[in-house]
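# Remarks on the overall topology
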Amino acid sequence: MDTRIGFGWDSHAFKPGIPLRLGGMTVDHPEGLAGHSDGDVLLHAITDALLGAVAAGDIGSFFPPGDPRWKDADSSIFLNLALTEVESAGYRIANIDTTLILTTPKIAPVAGQIRARLAELLSIEIDQISVKAKTPEGMGLENVAQCHAVALVQRLPESEELKSLSAVIESHHQAEDVVDDLLSSVHGTPKRRTAPVYDTEDIT
Ligand code: MG
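In this text the structure is predicted, and so the values were computed from the model without any measurement. (Residues numbered from 1 in each chain as written. Predicted model: local features only at pLDDT ≥ 70, side-chain atom pairs only at ≥ 80, totals over all residues. Heavy atoms only, no water.)

Expected angles at a metal are 109.5 degrees for tetrahedral coordination by four donors and either 90 or 180 degrees for octahedral coordination by six donors. Taken together, the protein donors to the magnesium ion comprise Asp-10 (OD), His-12 (NE2) and His-44 (ND1), at separations of 2.1 to 2.2 Å. Each donor residue of the magnesium ion belongs to the same chain, and together they define the spacing D-x1-H-x31-H. Here Asp-10, found in strand β1 (residues 3-16), pairs with His-44, found in helix α1 (residues 41-53); they are 34 residues apart in sequence, far enough to count as distant. Take Asp-10 and His-44: they sit in the same class, and that class is buried. (Donors = N, O, S within 2.8 Å, 3.2 Å for Na, K, Ca; no water. Helix = DSSP H or I, 4+ residues; strand = E, 2+ residues; numbered from the N terminus. Buried < 20%, exposed > 50% of the residue type's maximum accessible area, 1.4 Å probe, protein only.)

Here's what the structure looks like:
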């Protein structure tokens, strides 16, 4: 299949006195969105849309909400994981469209900045990401922000697919090296050695 589509949705309640995080940036507002992580409803909806596009599960299956590791986490971690899943499935983002539903703040004045931040986080061009907003007329949800997102992904040409896969493998190796270094610095554990697959004494 050359193209696939994914859909994501999320909601969080407003809470006074915490920063409002939307699309990986802080938006000036007296209330933020409460959540186990930083409550970034826009990043959560996009993350689920990307995971859905390659049928890789959802945000909760990778990052369970009760897990203390993700308490107050920057949601760009979740987005990054979804992007890696898209790439390792052999796809890249064609475009993403989103609609926020909230009473305040007005999104239009900051939509350009949010799109630029999302383009940076997703390594795409700004015209590949759209951020729109509506008010929840007649829904009785003045204290809640919701977000809908759709993501279209397209299959990478074979040559780029190999490049993308080797980048994913390389980043896994780098992560293993970091863990090794940490283990040896904390416990004095020697680094893992790769054992030869044959008996060096008996190669004649
Ligand atoms: Mg959420």
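Next comes the rest of the write-up.
The next thing to look at is the environment of Ala-108. Considering the arrangement of structural elements, one finds Ala-108 in helix α4 (residues 108-122). Here Ala-108 falls in the exposed class, since its relative accessible area comes to 70%. Sequence separation of Ala-108 and Val-131 is 23 residues, and the distance between their C-alpha atoms is 8.7 Å.

A few words on the pairing of strand β7 (residues 144-155). Inspection of the sheet shows β1 paired to β7 by eleven bridges, in the antiparallel sense. The residue of β7 that forms the bridge with Ser-11 is Gln-146. Pairing between strand β5 (residues 91-101) and β7: ten bridges, direction antiparallel. Among the inter-strand pairings, Tyr-91 is bridged to a residue of β7, identified as Arg-155. (Pairing = 2+ DSSP bridges.)

Throughout the structure, instances matching the rule amount to five salt bridges. With a shortest N-O distance of 3.4 Å, Asp-72 and Lys-71 are connected by a salt bridge. The exposure class assigned to Asp-72 is exposed, which follows from its relative accessible area of 54%. For Lys-71, a relative accessible area of 47% translates into the label partly exposed. (Salt bridge = Lys/Arg side-chain N within 4 Å of Asp/Glu carboxyl O.)

Before going further, it helps to examine helix α3 (residues 76-88). For α3, spanning 13 residues, the distance from its first C-alpha to its last is 18 Å, which sits close to the expected 18 Å at 1.5 Å a residue. For α3, every residue scored as buried is listed here: Ser-76, Phe-78, Leu-79, Ala-82, Leu-83 and Val-86. Burial along α3 is one-sided: seen end-on, the buried residues are contained in an arc of 155°. The inward-facing, buried residues of α3 contact α1, α2 (59-62), β5, α4 and β7. Two residues or fewer after α3 comes Gly-90, characterised by a positive phi angle close to 90°. (Expected span 1.5 Å × (residues − 1). Arc of directions from axis to C-beta. Contact = heavy atoms within 4.5 Å.)

Moving on, we come to α4. Helix length check: α4, at 15 residues, gives a terminal C-alpha distance of 21 Å against a target of 21 Å (1.5 Å per residue), a fit within 8%. By the burial criterion, the buried members of α4 are Val-110, Ala-111, Ile-114, Leu-118, Ala-119, Leu-121 and Leu-122. Looking at the residues trailing α4, positive phi occurs at Ser-123, about 55°.

Along the polypeptide, His-29 turns up in the loop between β3 (25-27) and β4 (31-33). For His-29, the residues in contact, after removing those within four places along its chain, are Phe-14, Leu-20, Thr-104 and Pro-105.

Next up on the list: the packing of α1 against α3. Relative orientation of the contacting elements α1 and α3 amounts to 15°, with a least axis distance of 9 Å. What the angle tells us is that α1 and α3 run roughly parallel. Judged by the twist between their axes, the crossing of α1 over α3 is left-handed. Residue-level inspection shows Leu-43, His-44, Ile-46, Thr-47, Leu-50 and Leu-51 of α1 in contact with α3, the latter providing Ser-76, Phe-78, Leu-79, Leu-81, Ala-82, Glu-85 and Val-86. Residues belonging to the contact of α1 with α3 are distributed by class as follows: nine nonpolar, three polar and one charged. (Axes fitted to C-alpha atoms, helices over the stretch in contact; angles between N-to-C directions. Parallel < 35°, antiparallel > 145°, perpendicular 65-115°, else oblique. Left-handed = near helix turned anticlockwise from the far one by under 90°. Nonpolar A, V, L, I, M, F, W, Y, C, P; charged D, E, K, R; others polar.)

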